[in-house]
Amino acid sequence: MEQQKTFGEIIKPYFFTIPDYQRAYSWGEKQLIPFINDILEYYDKTNDLESEDKNYYLGHYILEGEVGSNNYEIIDGQQRITTVYLFLLVCNYLKKNCEYYKQINLIPVSYDKDGLNIIINTLETGGENIIIKLTELISDTKTRTMSFIRMVEAIKLFIDSFSGEKKLPKLEVDEIDKYVEVIDKAHCSVATYNDKAVASQIFELHNTRGIALSETEKVKALLMKNVYINSQNPHLDIEKIQNAFARIFEMEEKASDVWLRGDLSLDNILMYHLQAVEDGYKNEEFGLPQGVAGDNGSFEYVKKALTKKNEKTAIVEYAINVAEQFEKSMDILTNKIPKADEENPLIGDAMLLDKNRSIIFLLRAFRSGNPTENKLIERWENFLICYEIIYWNGYYYNAKAYRSTFQSIYKAIENGSNLDKCNDLLSSFYKGEKKFSYHWEHLGNNANKLFEVEKKKWVKHAYGWNKTAYFLYKFEIEHGADYKDIRKNIYKKDSISIDHIVARSIEWKDLGIENYFENKDHADIIWKEINSVINGIGNLSLSTSSANSSDSNRSPSKHLNSFKKFGLVKTAEQIETWTNPNEFAQKITERNESIREFVKERIINKEDIWN
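Here's a quick rundown of the structure. (Residues numbered from 1 in each chain as written. Predicted model: local features only at pLDDT ≥ 70, side-chain atom pairs only at ≥ 80, totals over all residues. Heavy atoms only, no water.)

**Quick word on the packing of aromatic side chains**
- As enumerated under the stated definition, the model contains 29 aromatic pairs in all.
- Geometrically, the ring pair formed by Phe-361 and Trp-380 is stacked, given 4.0 Å between the ring centres and 5° between the ring planes. With Phe-361 in helix H15 (residues 355-368) and Trp-380 in helix H16 (residues 376-392), this residue pair connects regions lying 19 residues apart in the sequence.
- Using a relative accessible area of 0% as the deciding quantity, one classes Phe-361 as buried.
- Seen from their ring centres, Tyr-470 and Phe-471 are 6.5 Å apart, and the 75° between their planes marks the pair as edge-to-face. Accessibility classification places Tyr-470 together with Phe-471 in one group, the buried group. (Phe/Tyr/Trp six-rings, centres within 6.5 Å; stacked < 30°, edge-to-face > 60°. Helix = DSSP H or I, 4+ residues; strand = E, 2+ residues; numbered from the N terminus. Buried < 20%, exposed > 50% of the residue type's maximum accessible area, 1.4 Å probe, protein only.)

Laid out in structure tokens, this is it:
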């Protein structure tokens, strides 16, 4: 039954739990600043808070609980309630005895209970340097989930808003009692249900203010709805889906430090899961869904798949399998792959080389065995390298052939079988026993041949090729760099950039020429030599977007600190000798040859892994 109540009427009599199958705390600055502005707007409008028409609307809430009980699970509205709770914690910290938050009985998702208690204790203890104390909490690995970090950041933002941070709306400590009154008298609509299945179905129909439902949440709700409609035992079957998503969301929150994830959101992972596995038996159409959201996204893909099921039992079975197999994919990505990568870093290297194809490959491979055994991961990485070299050098026609051939590789990893079939297929393509594409023939020989024939591209046009970074990364590892340092410093936050060591717009004074017009002939000779190789791989280095911006247009020696900080051992060693502008072109050429020699000997001619 839906009712209109004030926030105080909803919150004070009851005990609320956020179930683990719901999304943990997700609000950030984009949602928190409008929340503050709303408080200020309604505070301004309600100097006389007697007019209920002027009261703030604090959203719609869907609750589930037994009849006659004061205990409710929050099916929808947990983001707003949590935000209000965090705001009230700050109000109490800044104005003692403002204890309204104690009237909110809120239990967050289980994996954030300890973290929220630590936040409460930190604020109640108070003292100076509270921002520093809060920042230090984020480094505590025992409580470090992404949602915990967001809660701490929300607390810090509220404190900054009271402190007069320029970019934030200004809150006044002296007006805290009135802010609390705005919240207490805020209008809310609340719908309570004593049937979990019904509440879950209603949840799908609502798009409430705040963060719109993610694609993953839409799919979860769609699966639960279809089970509710078609199952003979909806409560038991819905619980299976809820349990799977509870574990999915927990892994999502605790996986913030797994470098392999990079910028992979849960919605991205869902898309890859559906492409690779779906309900556990996928053998075709590994390119679908085509994107994360929209008409060709995950939700529409699952929706269409459900409509193709002719029987109710098939619909229920599909829905449960999608949820449980998605949980398994999350476990593979957040637990099994990182663990395997510690034993064989080629697992992570393959992800860096081609994340899209490698995720599909690995999600299937880890279901059937360990791809670090029997040379499979070595072959997969080298196969991708050969493919990229051939593709880069102009053999990109007959696109349909190589796309479908990649699908044959995925299909060779059969559900419940070992990985030998896929291993043998890769070998056959590499050796030319089977054609990867009509024009490509012997994959290994073609890669080797084109590496030599197209030398000019490496020397003059490596900048702009999206795989250049990978060869620079492997070059560093070969010469003593710690792959963990480079991944952490450059790859983890997906901030990778390619830096021109001798900048393309370097100033003449950095070339040792103070007055260009008096030394024009000499300057033009130097620049012509440099310009002939300026985009070659020898003049390129791994970097980050921020470092590239700050180091640009400066002499090579000015980039050294960045290279050392990132752990680029060989690059730093080489660039330390780049001191004479007259030798820059020669130094670039020498570095180019050293990288190409490494690629030829240690990457392309890897016959040992194919025998």
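Additional details are given in the paragraphs that follow.
**Topic: unusual backbone geometry**
- Residue Pro-289 is bonded to the preceding Leu-288 through a cis peptide linkage, with omega at 0°.
- The phi dihedral of Asn-97 is positive, around 75°, even though this residue is not glycine.
- Tracing the sequence through the fold places Asn-97 in the loop between helix H3 (78-94) and strand S5 (105-107).
- With a phi close to 60°, Asn-374 is a non-glycine residue in the positive phi region.
- For Asn-374, the location among the structural elements is in the loop between H15 and H16.

**Digging into the pairing of strand S8 (residues 540-544)**
- The element S8 is extensively covered by neighbouring structure, given that five of its five residues are classed as buried.
- Burial along S8 is two-sided: the residues Leu-540, Leu-542 and Thr-544 and Ser-541 and Ser-543 are all buried.
- Where strand S7 (residues 496-500) meets S8, five bridges bridge the pair, whose relative direction is antiparallel. Pairing of Ser-497 across the sheet is with Ser-543, part of S8. (Pairing = 2+ DSSP bridges.)

No statement about biological role is implied by the geometric values presented.
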